[in-house]
Amino acid sequence: MSAPDHMASWVAVALVVLATVLVGGFGLRISRTTSDFYVASRTVRPRLNAAAISGEYLSAASFLGVAGLVLVHGPDMLWYPVGYTAGYLVLLVFVAAPLRRSGAYTLPDFAEGRLESRQVRRLVSALVVGAGWLYLVPQLQGAGLTLKILTGAPGWLGDVLVATVVAAAVAAGGMRSITFVQVFQYWLKLTALLVPALFLVLAWQGDGRPRVSFDDQFAVFRADHPLYATYGLIVATFLGTMGLPHVVVRFYTSPNGRDARRTTVAVLALVGLFYLLPPIYGALGRLYTPELRYGGDADAAVLLLPARVIGGLGGDFLGALIAGGAFAAFLSTASGLTMAVAGVITQDVLPARGVRHFRLATVLAIAVPLAGSLLVSRVPVADAVGMAFAVSASSFCPLLVLGIWWRRLTPPGAVAGLLLGGGSALLAVAITVSGAVRPPGWPHALLAWPAVWSVPVGFLAMILVSLATPGRIPPGTNAAMTRFHLPEALSSARAAAGRER
């Protein structure tokens, strides 16, 4: 069985990087204002925005990690793509349109506008940056793994390459630029998985359709409490999507609330279409790359299958196509995360909010996770991303749902929920990654999958503390709720009538 051709993979990666720079340069030509940099002047139409959201959302965990988990642990791992997709249904029902009508640029903007509190804003800013960095690390490490497997390059080179290209693209054109980049990268990623999958399935049929058996699948490392782990994954992915910084910020680019809802429906279709493909690679990986189940590099199954199954020039070409798609996955998700983190750093850390300071914030936003990716031992990408979802579900989900739908939320309640919910989930993730508590046993299960308990803690803390501090309800609550829930035309008419009176 042959290894992937290094030259073809290098060419594919170089072409993806070049295309990213060129498409980003097109966005740079029409990025002229601060609003262009932060929210593309709120003019991104639903179909374009949906492709951009799908492009940045389908990360290393989607492109490599889901197939790797299915290869090692079997069909039970299909809860990952189900959760990643279904999270947009929750977002559609509860958050999409009101969030756009809030008029904010970032999550901290929303928090301050709704609760009229600088303290809440600072806390949300810290959590956005922390969650963004936690999500960025596996993207960079996945790039390092891809380049190492396909080209034999040092593991650190992929990390540095992705960080450099992302910093250049985001700093150059901001949101306007990366919108076009992410649309291009979504369709590239879909093509890069779909075309090889068709040939792999044909090759499998030509081999006599050997049966894919999961009877001897490895027990999942958390399998001492599998039902709890499954619920932890479901809660984290269903509720975490709405608070992911790079996803939320894209809804601010919609022209209005109706377009934000239409965008979400389109995202459900595009993401659902993509997630039909990784399980095919996971199943075929059990047949043709069985050694990956034992070596800890199961995420590489997608990269190795064309050379193992097809071989020759065709295998090299398909492997190069997958290499390009994998790099597109790292670049698009890392671009969205860097954009979200840089926006928060610009507004809440640096002394000014101009374009020059945004570019400085971009370098800071990518430098810290780059250092983390080089220093921290590699965690399977789907598991690492699942931890970021747990932190998001425990902090931003309660803030958004209660902030949008409950008038009695107060700043002390929001602070309590963010600290107890998001803070406890972040601490649990840190302990898990450090390896201080190892399986088996309930302590490890509770820390590795904290969403089952940390999300209720976040909601309860916000509700109970808010009920205990009724005098702290912000005076502008009624106006904010009206803005969230009335269509833009009615809200503007009501405001105009109020001014006339």
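Residues numbered from 1 in each chain as written. Predicted model: local features only at pLDDT ≥ 70, side-chain atom pairs only at ≥ 80, totals over all residues. Heavy atoms only, no water.

- Per an unreviewed UniProt entry, the recorded name for the protein is Cation acetate symporter, and the organism is Streptomyces durocortorensis.
- Per UniProt, the comment on the protein under Subcellular location (unreviewed entry) is "Cell membrane". (UniProt positions renumbered as here; feature names shortened; annotations may be inferred.)

**Observations regarding the overall build of the protein**
- For the protein, the helix and strand inventory stands at 23 helices and 0 strands.
- Among the 501 residues that make up the protein, the fraction classed as buried is 59%.
- Considering only residue pairs separated by 6 or more positions, the protein has 86% of its internal contacts joining residues 24 or more positions apart.
- As displayed, the protein has an accessible area near 18500 Å², and 68% of this comes from carbon and sulfur atoms. (Helix = DSSP H or I, 4+ residues; strand = E, 2+ residues; numbered from the N terminus. Buried < 20%, exposed > 50% of the residue type's maximum accessible area, 1.4 Å probe, protein only. Contact = heavy atoms within 4.5 Å. Areas by Shrake-Rupley, 256 points an atom, 1.4 Å probe, with all protein chains shown as cover.)

**Notes on the environment of Ala480**
- For Ala480, the position within the fold is in helix 22 (residues 477-485).
- Residues Ala480 and Gly113, 367 residues apart in the sequence, show an inter-C-alpha distance of 7.8 Å.

**Topic: the nonpolar core**
- Among the nonpolar cores identified, the biggest contains 131 residues, and Tyr57, Phe63, Tyr84, Val124, Val162 and Tyr281 are the most heavily contacted of them.
- For Phe63, the contacting residues outside a window of four places in its chain are Lys189, Ala192, Leu193, Phe274, Val302, Ile322, Gly325, Ala326 and Ala329.
- Counting 7 residues, the second largest nonpolar core, distinct from the first, contains Leu71, Ala298, Ala301 and Leu304. (Core = buried A, V, L, I, M, F, W, Y, C linked by side-chain atoms within 4.5 Å.)

**Remarks on unusual backbone geometry**
- The residue Glu116 is not glycine, and still its phi comes out positive at about 55 degrees.
- The residue Glu116 is located in the loop between helix 7 (107-115) and helix 8 (118-151) in this model.
- For Glu116, a relative accessible area of 42% gives the class partly exposed.
- Its identity as a non-glycine residue notwithstanding, Arg209 has a phi of 50 degrees, on the positive side.
- Along the chain, Arg209 falls in the loop between helix 9 (155-206) and helix 10 (226-240).

**Some points on the pattern of salt bridges**
- The final tally for this structure, using the stated rule, is 6 salt bridges.
- Notably, a salt bridge pairs Glu291 with Arg308, separated by 2.9 Å at the nearest N-O pair. One end of the pair, Glu291, is in the loop between helix 13 (278-288) and helix 14 (292-295); the other, Arg308, is in helix 15 (residues 301-309), and 17 residues separate them in sequence.
- With a relative accessible area of 37%, Glu291 lands in the partly exposed category.
- Taking relative accessible area as the criterion, Arg308 reaches 22% and is therefore assigned partly exposed.
- A single salt-bridge network, built from bridges that share partners, covers Asp109, Glu112, Arg118, Arg121 and Asp348. (Salt bridge = Lys/Arg side-chain N within 4 Å of Asp/Glu carboxyl O.)

**Describing a nonpolar patch on the surface**
- Nonpolar side chains collect at one region of the surface, where Met7, Trp10, Val11, Leu15, Leu18 and Leu22 lie side by side and expose about 610 Å² of accessible area between them.
- Mapped onto the elements, Leu22 comes out in helix 1 (residues 6-29). (Patch = residues over 30% accessible without salt bridge, like charges linked within 9 Å, V, L, I, M, F, W, Y side chains within 5 Å.)

**Describing the packing of aromatic side chains**
- Using the criterion set out here, one finds 12 aromatic pairs in the structure.
- With a centroid separation of 5.2 Å and an interplanar angle of 40 degrees, the aromatic rings of Tyr84 and Phe389 are classed as tilted. Of the two residues, Tyr84 is situated in helix 5 (residues 79-94) and Phe389 in helix 18 (residues 381-405); the sequence distance between them amounts to 305 residues. Each member of the pair, Tyr84 as well as Phe389, is classed as buried.
- Measuring from centroid to centroid gives 5.4 Å for Tyr228 and Trp442, while their planes differ by 75 degrees, and the two rings are edge-to-face. Residue Tyr228 is located in helix 10, and its partner Trp442 is located in helix 20 (residues 442-448); the two are separated by 214 residues in the primary sequence.
- An aromatic cluster is built from Tyr57, Phe63, Tyr80, Tyr84, Tyr88, Tyr135, Phe274, Tyr275 and Phe389, whose rings are joined through pairwise contacts. (Phe/Tyr/Trp six-rings, centres within 6.5 Å; stacked < 30°, edge-to-face > 60°.)

**Remarks on the environment of Arg47**
- Relative to the helices and strands, Arg47 is located in helix 3 (residues 46-57).
- Take Arg47: its relative accessible area is 76%, and that puts it in the exposed class.
- Residues Arg47 and Thr263, spaced 216 residues apart in sequence, show a C-alpha to C-alpha distance of 6.4 Å.

**Focus: the packing of helix 7 against helix 8**
- Where helix 7 contacts helix 8, the axes come no closer than 8 Å and their chain directions differ by 160 degrees. Regarding the angle of helix 7 to helix 8, the classification is roughly antiparallel. The handedness of the crossing between helix 7 and helix 8 comes out as right-handed. For the pair formed by helix 7 and helix 8, the contact residues are Leu107, Pro108, Asp109, Ala111, Glu112 and Leu115 on the first element and Arg118, Val120, Arg121, Val124, Ser125 and Val128 on the second.
- Its residues assigned to classes, the contact of helix 7 with helix 8 shows 7 nonpolar, 1 polar and 4 charged. (Axes fitted to C-alpha atoms, helices over the stretch in contact; angles between N-to-C directions. Parallel < 35°, antiparallel > 145°, perpendicular 65-115°, else oblique. Left-handed = near helix turned anticlockwise from the far one by under 90°. Nonpolar A, V, L, I, M, F, W, Y, C, P; charged D, E, K, R; others polar.)

**Let's talk about helix 12 (residues 257-274)**
- With 18 residues, helix 12 should reach 26 Å at 1.5 Å per residue; the first-to-last C-alpha distance of 26 Å fits that figure.
- Among the residues of helix 12, those classed as buried are Gly257, Asp259, Ala260, Thr263, Thr264, Val267, Leu270, Val271 and Phe274. All buried residues of helix 12 project into a common sector of 140 degrees when viewed along the axis, lining one side. The exposed set on the far side of helix 12, more than 90 degrees from its buried face, consists of Arg258 and Ala269. (Expected span 1.5 Å × (residues − 1). Arc of directions from axis to C-beta.)

**Quick look at the side chain of Ser454**
- Tracing the sequence through the fold places Ser454 in helix 21 (residues 451-468).
- A residue is classified by how much of its surface remains accessible, and Ser454, at 0% relative accessible area, is buried.
- Those residues in contact with Ser454, other than ones at most four positions away along the chain, are Ser394, Gly421, Ser424 and Ala425.

**Observations concerning the environment of Val212**
- Tracing the chain through its elements places Val212 in the loop between helix 9 and helix 10.
- A C-alpha to C-alpha distance of 6.5 Å links Val212 and Ala283, two positions 71 residues apart in sequence.
- Excluding residues within four positions of it along the chain, Val212 makes contact with Ala283, Arg286 and Leu287.

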